Amino acid sequence: GIREIKVSGVSFVDDNYYVLGENFTKSSKVYVNGKGKNTLFVSPDVIILEDYVPVDGDIITVRQVTNDFVELSETEIYVFTGVSKNDTVIPEASED
């Protein structure tokens, strides 16, 4: 079956915003305030948000979208309130 995708945070490293979470795939796309954004899949835990700088209050979700733009699932909303100073390291794997 389809594994539930989750957003756990946003990190800023080397001029890139990273959306952190769980179970991302190459079909995962970041949406900010309901609008699709250019995204680059890095790993099941990390997606790069390209060409967009989030501002406080932005509502960020990740959706699984097929090649013909059919939405399969969407994460719970994540409200951006700035990046934490402690979030400068990109996690290699999720810790449960």
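Asker: How would you summarise a nonpolar patch on the surface if you had to cite specific residues and measurements?
Answerer: Taken together, the side chains of Ile2, Val70 and Leu72 define a hydrophobic patch exposed on the protein surface, amounting to about 290 Å² of accessible area. Tracing the chain through its elements places Ile2 in the segment before β1 (6-13). Judged by its relative accessible area of 61%, Ile2 is exposed.

Asker: Give me the lowdown on the side chain of Ser28, citing residues and values where you can.
Answerer: Within the secondary structure, Ser28 is located in strand β3 (residues 28-32). Judged by relative accessible area, Ser28 falls into the buried class, the value being 6%. Polar side-chain contacts of Ser28 include one of 2.8 Å to the backbone nitrogen of Thr25. Engagement of the side chain of Ser28 in a polar contact is seen with the side chain of Gln64, the distance being 2.3 Å. Discounting chain neighbours no more than four positions away, the residues touching Ser28 are Thr39, Ile47, Val62, Arg63 and Gln64.

Asker: Kindly report on the environment of Asp56, identifying the contributing residues and their values.
Answerer: Of note, Asp56 is situated in the loop between β6 (46-49) and β7 (59-65). Each C-alpha atom of the pair Asp56 and Gly82 lies 5.9 Å from the other, and the pair is 26 residues apart in sequence. There is a polar contact of 3.3 Å between the side chain of Asp56 and the backbone nitrogen of Gly82.

Asker: Describe unusual backbone geometry, listing the residues and the values that go with them.
Answerer: Phi is positive for Asn33, close to 55°, though the residue is something other than glycine. Summarising the element assignment, Asn33 is placed in the loop between β3 and β4 (35-36). Owing to a relative accessible area of 44%, Asn33 belongs among the partly exposed residues under this scheme. Its identity as a non-glycine residue notwithstanding, Phe69 has a phi of 65°, on the positive side. Mapped onto the secondary structure, Phe69 falls in the loop between β7 and β8 (71-74).

Basis of the calculations
- Residues numbered from 1 in each chain as written.
- Predicted model: local features only at pLDDT ≥ 70, side-chain atom pairs only at ≥ 80, totals over all residues.
- Heavy atoms only, no water.
- Patch = residues over 30% accessible without salt bridge, like charges linked within 9 Å, V, L, I, M, F, W, Y side chains within 5 Å.
- Areas by Shrake-Rupley, 256 points an atom, 1.4 Å probe, with all protein chains shown as cover.
- Salt bridge = Lys/Arg side-chain N within 4 Å of Asp/Glu carboxyl O.
- Helix = DSSP H or I, 4+ residues; strand = E, 2+ residues; numbered from the N terminus.
- Buried < 20%, exposed > 50% of the residue type's maximum accessible area, 1.4 Å probe, protein only.
- Polar contact = N/O pair within 3.5 Å; in protein donor to acceptor, adjacent residues only side chain to side chain.
- Contact = heavy atoms within 4.5 Å.

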